[in-house]
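# Structural characterization, general
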Amino acid sequence: LPPNELALELSGERRELLHRPVADVCQSQNESRLALWNLEKEKLRFLDDMDDVSKVKDKLKEKEKKEAENSRKEEAKQLQRQQKLANLLLKHATSLEGANFLASGEILTVTAREDSAKGAKERKEKEKEDKREQRKKTIAEAGASKSSSKVESSKDKIRRENEAAQQAKLVEKETKRWESFVSQLDKAPMKALRQIDVDFLKKCEHDQVALIARLHKLKLRLQAWELYCAEVPPTSNRDYTLAGQIFLAVQEIVAKHLPLLVKEHKAQLLETLTLIGLRDTAKMVADAIGVKASASMPTAEVLDVRQSAARLQLSHIGHLLFRPVSEVDDPRVGFRPDVWQKNLLDVIDNEESALVCAPTSSGKTFISFYCMKRVLKKSDDGLVIYCAPNHQLAHQVKADVYGHFRSKTYQFPPWTLYGEYTLNVWENVETCQILITDPVRLQNILTDRSLFMSLIASKRLKYLIVDEVHCVDELKDGALWERVLMMVRCPFLALSATIGNLDEFHAWLVRVKEAAKKQDEESSKKKHSSDDHSHHYVVHKVPDGKEVTEITRWSDLQKYLYLPPTVEAMSLWNTCKPERTKTAFQGDHFFAIHPCACLSMERLAENGFPGDSSFVPRESVHLYDVMAEVARENPEASAALQKLSPDVHFSTTREIGQSAARGYEKLIKDEIRRWAQTPALQPLCQQTLLRLRQPLEAAFSRVVPLIRAPPPAATSPSAAASIQEQQPEGKVRFAEDPVSESCSSSANGPAAAGEPSGQGEEQRREVSGEEGERVDEEEPEEEAVTHQRAVEGIQVDTEEWLGEYLVHLLTALGKEDKTPALIFNFEENVCQILAEKIVEFLEAKEMAHRATPQYRKEQLELNRRLKEAEMRLKKHEKLLSNKKDDDHDQKDEICDLSDLGDLRERPVLPQFTFVRAEEGEGLDEDELKECLARVEKDFPRDNVLYRCLLRGIGVHHLGLTYNYRQCVEILFRSKHIKAVISTETMALGIHMPCRTVVFAGDHPQLNPLQFRQMSGRAGRRGFDLLGHVVFFGVPEAKVNHLMTSELQSLRGHWPLTPSLAHRLVALYTNPRLQARDQEKTQRKVQHQLASLWRAPYLCRGLQGLIGPKVSSEQAAEAEREETVAQARLYFLTVVDVLMQADLLTVHGDSRPLFDACSKLYLFDPAMFVFTSLLKQGVFHKLTAEYHVISSQDRFHESKETLERVNCTNEAILENLLLLLCHIVARREIHRSALLDPVLQSEAVHQVLLPELPDRRLSEALVAEQKRVLHCFAAHVVSAARRLSPLRDHLRLPLSGVGFHSTVPQGEGEGAAPFLHDLEKAALRYESRSPFAAVNGRGDDYSTQAELLQSVCQGIFLDSGMIPTLETMDTSLASEGVVQLNAHVYDYHHSTSQDDVQKFNGLNYKESWTDLDQFDRFLRRVERIMCELEGVPSLDFYMEGRDAVPKSKVTICFRELFQRFHAAFSFADTKAKTRLEKQRRGGTTAKKPKRPPLVKRGPMQRRRF
């Protein structure tokens, strides 16, 4: 009993007895003694009870005290955890935006709601301000007109004198600051220029002093050019960027300080231009500043640029040309937005939707944060959902949101600033204002009961931001993006950089909003008034094609081909940081690729240049030079081309801007295309393209893919013949790649495909290079061998070849000052292998350097300086100890050791790392240690992923931990890491500003879309004015294909899936809601369904499916109506399947297992099969003989009995695992893999998933498939009856050949009766194609493949629409069972992911994804079974609640989940490479016979 009740247990009589005197108790002595004895006994018993009560009270107090202390500790830990997370987010945000931006953040407070979309108050205030300014202007003009007649008043005179005095003081102040600043400038001109720009001009407050500073800058630039010309002679490949910067400096001074220029200043400007040989420009500048140019000014021959100003600007400083910037400030943002950016701000203010297609680095990200800011300032509960394509971008956006808006405070505790809902993160989802999620989770929000009520039905959602909306075209998850855009009702922002059919996609979005508007009008039974929310249904397009026709990149992109060094050059490598080159960035290692070199004349004439293809200005000049040289013999073409000469076209232009260069580029493109379309000029066009292509082909020939020298083992004639077949004489070929081979002809046409004879081949042999000299097609054997590594069997594009040269590529980029760089490869293990190759190479070089006498001498010198420093410190401490506190100041406390140099002992020598800490780049030591400490938790210091960070190399892919990826991003943005080797995770929106993007090797996933996304990372706006793209190990045909491909056109998907229909029905039939909420929810679900089938994007592709192509609007409308009808019918079919599975009643009410099925929505169609088998009792029958062995059984039963029971239990769990693998882990295996002799000799690993041992299990799966197929057979019959009249049944889909449906009349006697009998005996069919019905089958389908392949034309159906599993394989002549990969089943026994990859034929990403998905499925099934039984699951287990499930099937699912989760959690970690596993003792050799499935500890499951 509790202590308070224990004290009341003593009866009232005993209490009264204790207080009575002894004499009154009894009269006789004996009685008194006995009573006294009893009384004492009662007293003692009572005291014992009271002692027990006090002890219990003390124990309870101690327990309460401990619980309170634990609660305080837990709250402190939670607070510490939140502070740590906030600190990490702040550091992440600092690396994204910079410390200055975060320090000047705006404090957000909730303001009153605007009266209208644009804000009536703001408009009124603006109108008043405009009137006030107009009145002041009128008064000023009137005063100016009267000033000539009136004398200046004393008041105006005093004001004028005060202003003049203030200006004089300001000039004096700035002049003194400039004089002090000049005395402290660096002696090196380039460093001094940087100091003037950053430290003085940004803070200068007076134009006159700024003019002096800019004139000094001009002088320094001239000095830098003089020093450069003294070192680099004119005959070498000079870089004229410095001379171009002198030209730009003069133009800047004239543009900004023309009224302040005096005679001496003007003379200095003209003299500078004349010195570098720009006399024509000096004349134009003289006319602009109002002086006469002197013809006697000399030109320095050494400094002469030897070209016109137009060519100097276009060819050498094209990336520095003036960009058009808006001159109007906008108070809504902190910069001057472009026209299209200002229009976007107005769209957000009007609460309208917009589709934005702007190139990467053009400045479209800011609009998302403005939208968030506007919602945050309106209220404390408004919601903005940001839909990101991957988790990496979601984490970055969360840090950005925290950095921008962390100052906002909330009056009520539930509301928070941000939340995240991704695969592994659930944070503040229902209480945040900015929710970052992905399409899968966003669809769950729109269909989940609780989330829908809290976020959608409550009308909290104000805006949806869909980033990278071009993911609609993805085959796997593209349909999710499309459904999300159709189901939401709020305004949205859809952002992308790569949409080929922008007008068509925008028209579909407009149709979606119009359908939503129509539904809302029908539900409210009234039209929206002008002041209502009708503007929510407007969808803008940016660029709109009217005010803004095109949005171009802020920075240009130059493409290069990397040429590997020779063996001799590789052997001379000695440092990661060689001296910066002084010549132009195009030499022995990098070959510039001209876009026209990848085009064929036929493609150019037919399609022109790709829509987003742009030239660097120097490429426009180069194309003109080649065309002019080719057109010399054609007077007509030469005369027309003369107008396009840069000197003629820009003869009257003093300074060329980026827009003018773009215009010139368009003119030169139009001219070369005119040549390609004009038959008389086509030979000139062909010759021009060949001249541009010939150097590229010669450069590719230097990248030797196969070693020509025969390997030592190939001494036999057959081996030599095989080598000769691999490397044809005179031909250089890359490793075989079907993707590259297939795209070569489409990219270049017949002329570029390498035909053996013809005019193109003759011209190619005659023309080579820019000068047109004759060269031989075959490269000499000795010269070719010098451009390759003499290693046996290395091919281009392999990880060995890439790892051999990658460190030299990074060294060459650092030499040209083109780092930081992003290196893309689509294989995760290859990324880690490349990083390991670099680290091992640098470590080997460093180890060799440490063994040299020079290093030992340096170490002795360092030790001497360290000893001297210690002696100085001891003397200084002794000196300070002898002095009193008042005798020395703060300066005496510092011991100066600067003369001793750097005394730190570095673990990595500076010359063997790409980190440029000596130049002030990167983090300080404390921040670097803190960042690396987070990495060390997952990867020890001896791990290659940790060691590569110390040398300025990072690895980034989804197989790594979040802490490591975040650390790599922070170190890269802080310039500590100079190169990151990444998969496609860095391609979508991640803020990683770099100068160079490298494509390392070819891959099937390297398509035009990925190429544009990845190359767009180079040259980010605000960081670099020119981006560089380098092809490294990519075949020539693939380069041509990537360079000439058009932007992708987005395609639609089927709007419904079985799981989506199931969840919408579950949301519609939610029994937990009240009548009012249920009615509102049902109305919104009806709207969602109507949106899905009224305006699907798929209907644009049904024109060819229904009948002959018709371009009329009537045909398009008929297609849409047909799609709507089929979508409605499909939804009813899914509902019919649910009713037949007894998950729904005939009235639409849900059964108990209906909600359980909805929790498995991520596993479609396995969720339906699992629920159906569970409903039929298949799992209960399978686990009926399972026996739970208790502790009592272990004590009483014999050992033989326990072993027999254990074997039975293990067999049941084995069968249960096998059945779940057949349902969930379905990955088909190719039959050719089963013929591998290695797999046939393998006795341990299971490659092919075995059949189910119990025949009843197989029959249950087949029966479930037949039941679903029967429903969908009825579906296609109904769809065939509803098909549009446009459909032509008897017309072949590809050729369009038609056939007659009437029975022909035969000739002769008996022919007609025979045909009549045939017609009577003919098989009747409706849904099957007539061309497939000739096999004698009607509308009965035995397999899913037969249904998909035989359905008639016009009915949309694919495998993802049928909620069943395909068990029969009809691809062979003899029908058989589908061959499934046993990777999950095999992993559960071997617990080695390396073995799964080796024997089961999966890469790391595929294997990890499938294992993680199976683990999540088991977790959810265990939770569902526990909820059905009413016991807590393992996820929600609490101490003190030891309720154990009693159902055998629940116990089996829990046991299987515990085993698999332990194996998946403690097996091979994701970050270790194969080589490291071998070093640590890991092996993939054969193991003994597979042990039985018994429960073992985690450490026993590890392979090493």
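What follows is about the overall build of the protein chain. A count of helices and strands for the protein chain gives 57 helices and 17 strands. Pairs at least 24 apart in sequence give 75% of the contacts found in the protein chain among residues at least 6 apart.

Here we come to the confidence of the model for the protein chain. Any segment with low pLDDT has predicted coordinates that should not be analysed in fine detail. Per-chain confidence: the protein chain averages 77 in pLDDT, with 76% of residues scoring 70 or above. Predicted confidence is poor over residues 112–118, with pLDDT under 50, and the contacts of this stretch with residues over four places away or in other chains come to 14 contacts. Across residues 527–531 the pLDDT falls below 50, and counting only partners more than four positions away or on other chains, this stretch makes six contacts in the model.

Another aspect to go through is the sheet that holds strand β10 (residues 590–592). Backbone hydrogen bonds hold the strands of a sheet together, and the pairing may be parallel or antiparallel. Across the sheet, which stays open at both edges, the seven strands sit in the order β10-β9-β15-β14-β11-β13-β12 with mixed pairing between neighbours. Only two strands of the sheet have a single neighbouring strand rather than two, namely β10 and β12 (953–956). Between one strand axis and the next, the sheet turns through 25° on average, direction left out of account. Where strand β14 (residues 996–1000) and strand β15 (residues 1026–1032) come together, five bridges link them in parallel fashion. Its bridge partner being in β15, Val997 is matched across the sheet by Val1029. Helix α37 (residues 1008–1015) rests against β9 (556–562), β11 (821–824), β14 and β15 of the sheet, and its axis sits at about 145° to β14.

With that out of the way, let us pick up the packing of aromatic side chains. Inspection of the entire model under this criterion finds 34 aromatic pairs. Centroid distance Trp1054 to Phe1356: 5.2 Å. Interplanar angle 15°. Geometry classified as stacked. Note that Trp1054 is positioned in the loop between α38 (1036–1044) and α39 (1058–1068) and Phe1356 in the loop between α51 (1344–1350) and β16 (1368–1369), a separation of 302 residues in sequence. For Trp1054, a relative accessible area of 6% translates into the label buried. Linked through ring pairs, Tyr560, Tyr562, Phe590, Trp801, Tyr805 and Phe1032 together constitute an aromatic cluster.

Before going further, it helps to spend a moment on the packing of helix α18 (residues 478–487) against helix α19 (residues 502–524). For any two helices packed against each other, the geometry comes down to the angle between their axes and how far apart the axes lie. Two elements in contact, α18 and α19, have axes separated by 9 Å at closest approach and are oriented at 40°. The orientation of α18 relative to α19 falls into the category oblique. You can see that α18 and α19 cross each other, and the crossing is right-handed. Counting all contacts with α18, which are made through Glu482, Leu485 and Met486, the residues of α19 involved are Phe505, Trp508, Leu509 and Val512. Residue composition of the contact of α18 with α19, by class: six nonpolar, no polar and one charged.

Our next topic: helix α15 (residues 391–405). Between its first and last C-alpha, α15 extends 21 Å over 15 residues, near the 21 Å set by a 1.5 Å rise per residue. Most of α15 is tucked away: 14 of the 15 residues are buried.

Put simply, helix α22 (residues 617–630) and helix α25 (residues 658–677) touch, their axes get as near as 10 Å, and they point 35° apart. Here the hand of the crossing between α22 and α25 comes out left-handed. Taking contact as the criterion, the partners of Pro617, Ser620, Leu623, Tyr624 and Met627 in α22 are, on α25, Ala661, Tyr664, Glu665, Ile668, Glu671, Ile672 and Trp675. Split by residue class, the contact of α22 with α25 holds nine nonpolar, one polar and two charged.

Here the focus is the sheet that holds strand β6 (residues 461–467). Strand order in the open sheet formed by eight strands is β4-β3-β5-β2-β6-β7-β1-β8, and the pairing between neighbours is mixed. One side of each edge strand has no neighbouring strand; the edge strands of this open sheet are β4 (426–427) and β8 (539–542). When strand β3 (residues 416–421) meets strand β5 (residues 432–437), the two strands line up parallel, connected through five bridges. In the strand pairing of β5, Gly419 is matched with Leu435.

What follows covers the nonpolar core. Ranked by size, the top nonpolar core spans 160 residues in total, and within it Trp675, Leu949, Tyr964, Phe1031 and Phe1032 carry the most contacts. If you tally residues by element for this core, the top one is helix α31 (residues 799–815), at nine residues. Excluding residues that lie within four positions of it along the chain, Phe1032 makes contacts with Tyr562, Trp801, Leu802, Tyr805, Leu806, Leu809, Val998, Phe999, Ala1000 and Gly1001. Listed in part, the 146 residues of the second largest apolar core include Leu1060, Leu1129, Phe1170 and Ala1260.

Another aspect to go through is the pattern of salt bridges. One pass over the structure, following the stated rule, counts 52 salt bridges. For the salt bridge of Asp448 with Arg1063, the shortest nitrogen-to-oxygen distance reads 3.7 Å. Placement of the pair is Asp448 in the loop between α16 (439–447) and α17 (449–456) and Arg1063 in helix α39, with a sequence separation of 615 residues. According to the relative accessible area criterion, Arg1063 is buried, its value standing at 6%. The partner of Asp1024 in a salt bridge is Arg995, with the nearest N and O atoms 3.0 Å apart. In this pair, Asp1024 sits in the loop between α37 and β15 while Arg995 sits in the loop between β13 (979–982) and β14, placing the two residues 29 residues apart along the sequence. You can call Arg995 partly exposed: its relative accessible area is 26%. Residues joined in a network through salt bridges with shared partners are Asp330, Arg332, Lys342, Asp346, Asp349, Glu351, Arg374 and Lys378.

Across the five residues that make up strand β1 (residues 353–357), a large majority, five, are buried. Here β1 shows two buried faces, one formed by Ser353, Leu355 and Cys357 and the other by Ala354 and Val356. Bridge count between β1 and β8: four bridges; the pairing is parallel. Residue Ser353 lies in a different strand from β8, and its bridge partner there is Val539. Looking at chain direction, β1 and strand β7 (residues 492–496) are connected through four bridges and run parallel. Across the sheet, Cys357 pairs through a bridge with Ser496, a residue of β7.

The next point concerns the pairing of β3. Burial runs high along β3: five of the six residues are buried. With antiparallel pairing between neighbouring strands as the criterion, β3 and β4 make up a hairpin whose turn holds four residues.

Here Glu846 shows up in helix α32 (residues 828–850). Classification of Glu846 by relative accessible area gives buried; the value is 4%.

Locating Ser95 in the fold gives a position in helix α3 (residues 29–97). Taking the C-alpha atoms as reference points, Ser95 and Met992, separated by 897 residues in sequence, lie 9.9 Å from one another. In this structure, Ser95 is in contact with Ile970 and Arg973, ignoring residues within four places of it in sequence.

Now for unusual backbone geometry. Omega for the peptide link from Val542 to Pro543 comes to 5°, which places this bond in the cis form. Summarising the element assignment, Pro543 is placed in the loop between β8 and β9. Of the consecutive residues Asp1164 and Pro1165, the connecting peptide bond is found in the cis state with omega at 10°. Tracing the backbone through its elements, the reader meets Pro1165 in the loop between α43 (1152–1158) and α44 (1166–1176).

With respect to the element layout, Ser1465 can be found in helix α55 (residues 1448–1466). Remark: the alpha-carbon pair of Ser1465 and Thr1391, spanning 74 residues in sequence, is separated by 9.9 Å.

Reading the values: rules and limits
- Residues numbered from 1 in each chain as written.
- Predicted model: local features only at pLDDT ≥ 70, side-chain atom pairs only at ≥ 80, totals over all residues.
- Heavy atoms only, no water.
- Helix = DSSP H or I, 4+ residues; strand = E, 2+ residues; numbered from the N terminus.
- Contact = heavy atoms within 4.5 Å.
- pLDDT = per-residue confidence, 0-100.
- Pairing = 2+ DSSP bridges.
- Axes fitted to C-alpha atoms, helices over the stretch in contact; angles between N-to-C directions.
- Phe/Tyr/Trp six-rings, centres within 6.5 Å; stacked < 30°, edge-to-face > 60°.
- Buried < 20%, exposed > 50% of the residue type's maximum accessible area, 1.4 Å probe, protein only.
- Parallel < 35°, antiparallel > 145°, perpendicular 65-115°, else oblique.
- Left-handed = near helix turned anticlockwise from the far one by under 90°.
- Nonpolar A, V, L, I, M, F, W, Y, C, P; charged D, E, K, R; others polar.
- Expected span 1.5 Å × (residues − 1).
- Core = buried A, V, L, I, M, F, W, Y, C linked by side-chain atoms within 4.5 Å.
- Salt bridge = Lys/Arg side-chain N within 4 Å of Asp/Glu carboxyl O.

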